[in-house]
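# Observations on chain architecture
So the chains spell out like this:
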Amino acid sequence: LNKETKTCVSQQSCAIDGKWSPWDDWSQCSTSCGNGWEKRERWCSQPYPQHGGRHCVGDRTEVKSCNLRPCPVDGKWSPWGDWSACSVSCGNGRSTRRRECSQPYPQHGGRRCAGRKTEVKSCNLRPCPVDGKWLPWGNWPACSVSCGNGQSTRRRECSQPYPQHGGRRC
């Protein structure tokens, strides 16, 4: 026999390099809309580095974008516009004003503005002037004398209608 072998145990342990665990599941997105992020992690634990072995190479955490759809934007009213000119110069008129659901417009499923787009108010409530008009002439009455030259006078009134609210007289 020219060779002999025996088992021996060294007092020093061998170096063990670390290896990554499988990735965890992705986390929930950080936002329900808009530009969010989600992440996942892994550990240098299968096995852990030991006895001077190398640590795992690479990132322990990964991050990616999520929910890239825009968030809903609710509509808001613009300020009211000016009141319009009254629809009549006297009597019962109307004046209106408007606003728009445009500051901002509803977008991406956002709610429309609540309330009315148009307001109406009464205006020029004073009555219109009414000019007086003559009643028709009445019949001629009997003459003031039964013979010779007399007079007969008939009258009419300015009452069809009477002048009112600054209207002209007959």
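Residues numbered from 1 in each chain as written. Predicted model: local features only at pLDDT ≥ 70, side-chain atom pairs only at ≥ 80, totals over all residues. Heavy atoms only, no water.

## So, the side chain of Ser159
Mapping Ser159 onto the fold places it in the segment after β4 (118-123). Looking at Ser159, the relative accessible area reads 14%, which means it is buried. Not counting residues up to four positions away in its chain, the partners in contact with Ser159 are Lys133 and Leu135. (Helix = DSSP H or I, 4+ residues; strand = E, 2+ residues; numbered from the N terminus. Buried < 20%, exposed > 50% of the residue type's maximum accessible area, 1.4 Å probe, protein only. Contact = heavy atoms within 4.5 Å.)

## Quick notes on the packing of aromatic side chains
As enumerated under the stated definition, the model contains 0 aromatic pairs in all. Positioned above the aromatic ring of Trp26 is the side chain of Lys64, whose terminal nitrogen or guanidinium carbon lies 4.4 Å from the ring centre. Lying over the aromatic face of Trp83, Lys121 brings its terminal NZ or CZ to 4.5 Å of the ring centre. (Phe/Tyr/Trp six-rings, centres within 6.5 Å; stacked < 30°, edge-to-face > 60°. Lys NZ or Arg CZ within 6 Å of the ring centre and 35° of its normal.)

## Looking at the side chain of Ser21
Within the secondary structure, Ser21 sits in the segment before β1 (36-41). On the basis of relative accessibility, which here comes to 10%, the residue Ser21 falls in the buried class. If we skip the residues at most four places from it in the chain, Ser21 touches Arg42, Trp43, Ser45 and Gln46.

## Side note on the environment of Pro129
By the secondary structure assignment, Pro129 is in the segment after β4. Each C-alpha atom, one on Pro129 and one on Arg168, is 8.1 Å from the other, the two residues being 39 residues apart in sequence. Residues within four places of Pro129 in sequence aside, it is in contact with Cys90, Gln164, His165, Gly166 and Gly167.

## Structural notes on the state of the cysteines
All told, the structure shown has 7 disulfides when counted by the stated rule. The disulfide partner of Cys86 is Cys123, and the S-S distance across this bridge is 1.9 Å. Across the S-S bond linking Cys86 and Cys123, the dihedral sits near 90°, which makes this disulfide right-handed. Separated by 37 residues along the polypeptide, Cys86 in the loop between β2 (61-66) and β3 (93-98) and Cys123 in strand β4 bring together distant segments of the chain. (Disulfide = S-S within 2.5 Å.)

These values are about where atoms sit, not about what they do.
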